[in-house]
Amino acid sequence: MQIKRAAVIGSGVMGSGIAAHFANAGIPVVLLDIPAKEGDDRSAIARGAIQKLLKADPAPFMHPKNAKLVTPGNLEDDLALLADVDWIVEAIVENPAVKADLYRRIDPVRKDGSVVSSNTSTIPLGVLVDGQSDAFRRDFLITHFFNPPRYMRLLEIVGGAATRPDALAAIADFCDRSLGKGVVHCKDTPGFIANRIGVYWIQTAINAAVDLGLTVEEADAIVGRPMGIPKTGVFGLVDLVGLDLMPHIAKSLLATLPGNDPYRAAFREHAVIAKMIADGYTGRKGKGGFYRLNRAGGAKVKEAIDLSTGEYRRSEKPRLESVSTAGRDLRALAEFPDRTGQYARRVLARTLAYAASLVPEIADSVVAVDEGMRLGYNWKQGPFELIDRLGTGWFADLCRSEGIPVPPLVEQAAGRPFYRVEDGKLQHLTTAGLYDTVVRPDGVLLLSDVKRASKPVWKNGSASLWDIGDGVLCVEFTSKMNALDGDIMAAYGKAIRLIGDGKGEWKALVVHNESDNFSVGANLGLALFALNVGLWPQIEELVEGGQRAYRALKHAPFPVVAAPSGLALGGGCEILLHSDHVQAHAETYMGLVEVGVGLIPAWGGCTEMLARHAANPKTPKGPMPAIAGAFETISLAKVAKSAAEAKDLLYLRPGDGITMNRDRLLADAKAKALELAANYTPPEKATYTLPGPNGRTALELFLEGFALQGKATPHDMVVCGKLAEVLTGGAKADVTQPVTEDQMLALERAAFMELVRTTGTIDRVEHMLTTGKPLRN
Ligand code: NAD
């Protein structure tokens, strides 16, 4: 079965977000809610929800135009719209009686064989289908999305005893490929995988912090980087999710969990937290939560709650000897002989033992549980991966010393790890106590699997080359934060030499890595060091080396396909601009942001953007419109907030591909590389017809207007003046003499080298490195 049209019922937080994400996948979707009690518009609730989606930050739509795919309606006048859809998602209030009543109303109108699923967080499937028709039971399942649906990768899916296997398979496949979700099959148990473990973990971490007298900052410093919740820790995470949501989830879990479940003993209402919720301190969406920014008195001061008094105080960055001594060694952290080590022991032992005790009750394998916690709670590693870091034998001893029963699965492991690599393949320990290969969904190719199974073809300090099969070579950045440097340029050179004419062992190159961010650009720290000691020839060589490398890639006799995800900024964006094809993950954020540090793109970025604007059929004729287009994008350092937006900004071309599921990105890129390699001719070198000083004057007039309105700072004028000079072809250009690609690159280089010597630019670079924000000088 194919999903061509969908409906979502319930236009609250989840329903509206799910509808937006259907639209992101290009699927027309009907969004229904109860009829409005007042006013003329009976569909005002769903319509209002769409308006709210358009204003929400982070944006639920990958492109504002996607809102047009969502048709609002109400459950009295528009029920007939359900007859056209292949899948109906129910996301109304968490109340079994209300849901049952809705199901009885939609069952007679829906199309034969259409699927109905509930987004319930806690109600068992058996309860939901009780009393419904046989056909309804066959077509019904649970699809549990996480908030916000566009950004959270986990989708828990549950089938019932009567659910058609083909319906389950079709929805799982659609969610994986079209919605980009990591689909995890769960058993029909309360809270499924992620909330079951996540809620217990949060409760345990809060209890332990209170009992051991830790501050929220101390607890987050331990749960954060060392345990793998780097961005928020546990209190920061509750602030993000909303403090007020926790009692609701707790209540419904307590209503459905087995009588002897350890969560019952762990559950505790903390008076300080109850008072925070009552006073509106519900987290980031409210007045603040465990942390808040206090703006009283003008300056922004970060404050944190004192867990013993419930009063806010200035937030302190804790310096914990345990954390700094242990580094990445989780066992050393848990062995540290102070109360922070005790905290680590208590939280790790209880949470991981709880998780281990739940297999096979909640899922068939440890792999599903780990995946659930990684994708649903943003843990860097799942519970079984964490147990492996501690060692299963050591962990069993920890349980004993903490007075917790050793989970049978851990007992059975008898010191063996839950994961091992055998013949280059990742294996996991099954509930039968044997090792089995971790099977990826059909068509998934992960660089991490390639890396487990082989040695790099070549590597240096900042990049590795990998054989990803069928004659395709992959370059992976390995530098800190994937910052670009001379070694990465050298890796390109090596790849070009290895692939040669593309007719030998290697046919094509893919540029890809599995980090959160593809690349945030050149290594600024290195650049600042060079600036401060005046290493001008070295800086110029880095610029020229980058230009040579990118140009060589562009004109190489074999295809280059880039497969980015996350941020691709500055030089990271320029790599993509030089590739024959970009296969972008839908969540790719591209931008030429050099102006923010007082520079212009000089690895060919100005030239490529000019070429794209000139080639765009929507650009009016004549040299100026293309120049103005490129000038606007680069001078405003525009960053696309999705791959779809990157197409609008011409960072991506109309023919570039978008992959919704990150795990499918490399396979898609490789397939495209092979397709291009079958009949490849490199692009010709371009020339540009540019107006020179006349055009530059026009752009400068425009800039002065900006300055007068206070929108451009004095150094913006200097930087954008240089940008205008480059894009108009320099001092000697006029429309009768085409400017070559080489000349354009020389102009980029010269402008860069001039800017880099100005104090305005040096101040910007320094400010960016120390604060992470652009300086408006
Ligand atoms: P919500 O309160 O934001 O929205 C519920 C919507 O249902 C509202 O728009 C309301 O008008 C509508 N509604 C109420 N009664 C109705 C009825 N009788 N018929 C039709 N519509 C009705 O709730 P939510 O947070 O979006 O949760 C919706 C579902 O998703 C629940 O089952 C919840 O457990 C689940 N869920 C929530 C989250 C979350 O983080 N909020 C995460 C995963 C799953």
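Values in this document were obtained by computation on a predicted structure and should not be read as measured data.

Caption draft 1: Layout of the overall build of the chain. Broken down by element type, the chain carries 32 helices and 25 strands. Relative to a compact globule of 777 residues, whose C-alpha radius of gyration would be 28 Å, the chain shows 28 Å and is just as compact. Seen through its C-alpha atoms, the chain measures out along the principal axes to roughly 85 × 65 × 65 Å. By the burial criterion, 54% of the 777 residues in the chain qualify as buried. In the chain, the share of contacts with a sequence separation of at least 24, taken over all contacts with a separation of at least 6, comes to 69%. Summed over all atoms, the accessible surface of the chain reaches about 32900 Å², with 54% contributed by carbon and sulfur.

Caption draft 2: Examining empty space enclosed by the protein more closely. On inspection of all chains with the given rule, the structure shows two cavities of 30 Å³ or more. By volume, the largest cavity is sized at about 70 Å³. Contributing to the lining of the largest cavity are Trp201, Val223, Met227, Ile229, Val347, Leu348, Thr351, Leu352, Trp379 and Leu386. Tallying contributions element by element places helix α15 (residues 339–357) first for the lining of the largest cavity, with four residues. Of the residues that constitute the lining of the largest cavity, the class distribution is nine nonpolar, one polar and no charged. By volume, the second largest cavity is sized at about 40 Å³. Around the second largest cavity, the lining residues are Arg551, Lys554, His578, Gly604, Thr607, Glu608, Glu741 and Leu745. Of all the secondary-structure elements, those providing two or more residues to the lining of the second largest cavity are α23 (536–555), α25 (605–615) and α31 (741–756). Residues that form the lining of the second largest cavity fall into these classes: one nonpolar, three polar and four charged.

Caption draft 3: View of the packing of helix α7 (residues 194–212) against helix α16 (residues 366–377). Two numbers describe how α7 lies on α16: the axes approach to 9 Å, and their chain directions differ by 70 degrees. With respect to each other, α7 and α16 are oriented roughly perpendicular. The handedness of the crossing between α7 and α16 is right-handed. Facing Ala194, Asn195, Ile197, Gly198, Val199, Trp201 and Ile202 of α7, the residues of α16 in contact are Val369, Gly372, Met373 and Tyr377.

Caption draft 4: Focus on the state of the cysteines. As enumerated under the stated definition, the model contains zero disulfides in all. Residue Cys186 stays outside any disulfide, its sulfur separated by 12 Å from that of Cys175, the closest cysteine. Taking the relative accessible area as the measure of exposure, Cys186 reaches 10% and is therefore buried.

Caption draft 5: Spatial organisation of the UniProt feature "domain: 3-hydroxyacyl-CoA dehydrogenase NAD binding" (unreviewed entry) in the chain. Within this numbering scheme, the UniProt entry marks residues 6–189 as carrying the feature "domain: 3-hydroxyacyl-CoA dehydrogenase NAD binding" (unreviewed entry). Annotation note: span residues 6–189, helix share 32%, strand share 21%, distance between end C-alpha atoms 27 Å.

Caption draft 6: Fine view of the packing of aromatic side chains. One pass over the structure, following the stated rule, counts 18 aromatic pairs. With 5.4 Å between their ring centres and 25 degrees between their planes, Phe136 and Phe140 make a pair best called stacked. Taking the relative accessible area as the measure of exposure, Phe136 reaches 0% and is therefore buried. Both rings, one in Phe702 and one in Phe706, keep their centres 5.4 Å apart while their planes meet at 45 degrees; by these two values the pair is tilted.

Caption draft 7: Spotlight on helix α2 (residues 44–55). Compared with an ideal rise of 1.5 Å per residue, which puts 12 residues at 16 Å, α2 spans 17 Å between its outermost C-alpha atoms and is within 8% of the ideal. On the buried face of α2, the contacting elements are α1 (13–24), β2 (29–33) and β3 (70–74).

Caption draft 8: Region of interest: the site of the ligand. The ligand sits among 20 residues. The nearest are Val13, Met14, Asp33, Glu94 and Lys99. Backbone polar atom of Met14 to an oxygen atom of the ligand: 2.8 Å apart, as the coordinates give it. One nitrogen or oxygen atom from the side chain of Glu94 is found 2.5 Å from an oxygen atom belonging to the ligand. Considered on its own, the ligand offers 830 Å² of accessible surface; in the complex 76% of this is hidden by protein. Every element with two or more residues in the shell around the ligand is listed here: α1, α3 (96–106) and β6 (140–145).

What counts as what
Residues numbered from 1 in each chain as written. Predicted model: local features only at pLDDT ≥ 70, side-chain atom pairs only at ≥ 80, totals over all residues. Heavy atoms only, no water. Helix = DSSP H or I, 4+ residues; strand = E, 2+ residues; numbered from the N terminus. Rg over C-alpha atoms; globule rule 2.2 N^0.38 Å. Buried < 20%, exposed > 50% of the residue type's maximum accessible area, 1.4 Å probe, protein only. Contact = heavy atoms within 4.5 Å. Areas by Shrake-Rupley, 256 points an atom, 1.4 Å probe, with all protein chains shown as cover. 1 Å grid on protein atoms, 1.4 Å probe; cavity = no way out; pocket = protein on both sides within 12 Å on 5 of 7 lines; lining within 4 Å. Points joined across faces, edges and corners; volume = space filled by probe spheres on them. Nonpolar A, V, L, I, M, F, W, Y, C, P; charged D, E, K, R; others polar. Axes fitted to C-alpha atoms, helices over the stretch in contact; angles between N-to-C directions. Parallel < 35°, antiparallel > 145°, perpendicular 65-115°, else oblique. Left-handed = near helix turned anticlockwise from the far one by under 90°. Disulfide = S-S within 2.5 Å. UniProt positions renumbered as here; feature names shortened; annotations may be inferred. Phe/Tyr/Trp six-rings, centres within 6.5 Å; stacked < 30°, edge-to-face > 60°. Expected span 1.5 Å × (residues − 1). Near = heavy atom within 4 Å. Polar contact = N/O pair within 3.5 Å; in protein donor to acceptor, adjacent residues only side chain to side chain.

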